[in-house]
Amino acid sequence: MAKSLTPIGNRILVELLEIVQPKGAILRVNAEDAEREARVIAIGTGMVDLNGKKIPMGIEAGDTVLIGAYSRKEIKLNDKSYYMVELENVIGLLK
């Protein structure tokens, strides 16, 4: 299996963040059933408009984003779960 993966086009590779309850208990939820916070691991090359101009992705590796439910494809890489998401399924950038 490959040791790294670089997304192409308007895709981003993310790692879901754990949900921590107020008392410190970590709750793991089904990756498909809710919007989730995720850390951007890698971004694709971006899209190109009809004039050949590159459209900026608007996010960078290391950013924390909110991604929509049912909008991600799980990828196992080096025995760890990551998710591939298309940029239009990113709800927003969390700061």
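Everything here concerns the structure above.
One structure accompanies this document, and this report is about it. Quick caveat: nothing in here was measured; it's all calculated off a predicted structure.

Considering the sheet that holds strand β7 (residues 64–67)
Taken in spatial order, the 6 strands line up as β8-β9-β1-β4-β7-β10 in an open sheet, and their pairing is antiparallel. Looking at which strands have only one partner, the edges of the open sheet turn out to be β8 (72–77) and β10 (90–94). For this sheet, the mean angle separating the axes of adjacent strands, direction not counted, is 40°. Of the strand pairs in this sheet, β7 and β10 are connected by 4 bridges, and their pairing is antiparallel.

What to know about the side chain of Arg72
Within the secondary structure, Arg72 sits in strand β8. Residue classification places Arg72 among the buried residues on the basis of a relative accessible area of 6%. Among the polar contacts made by the side chain of Arg72, one reaches the main-chain carbonyl oxygen of Gly68 at a distance of 2.4 Å.

As for the pattern of salt bridges
Where charged atoms from two side chains of opposite charge approach closely, those side chains can pair. One pass over the structure, following the stated rule, counts 3 salt bridges. With a closest N to O distance of 3.8 Å, Lys76 and Glu74 form a salt bridge. The class of Glu74 is partly exposed, set by a relative accessible area of 38%. Here the salt bridges share partners, and the residues they tie into one network are Glu15, Arg39 and Lys80.

Cut-offs and rules
Residues numbered from 1 in each chain as written. Predicted model: local features only at pLDDT ≥ 70, side-chain atom pairs only at ≥ 80, totals over all residues. Heavy atoms only, no water. Pairing = 2+ DSSP bridges. Helix = DSSP H or I, 4+ residues; strand = E, 2+ residues; numbered from the N terminus. Axes fitted to C-alpha atoms, helices over the stretch in contact; angles between N-to-C directions. Buried < 20%, exposed > 50% of the residue type's maximum accessible area, 1.4 Å probe, protein only. Polar contact = N/O pair within 3.5 Å; in protein donor to acceptor, adjacent residues only side chain to side chain. Salt bridge = Lys/Arg side-chain N within 4 Å of Asp/Glu carboxyl O.

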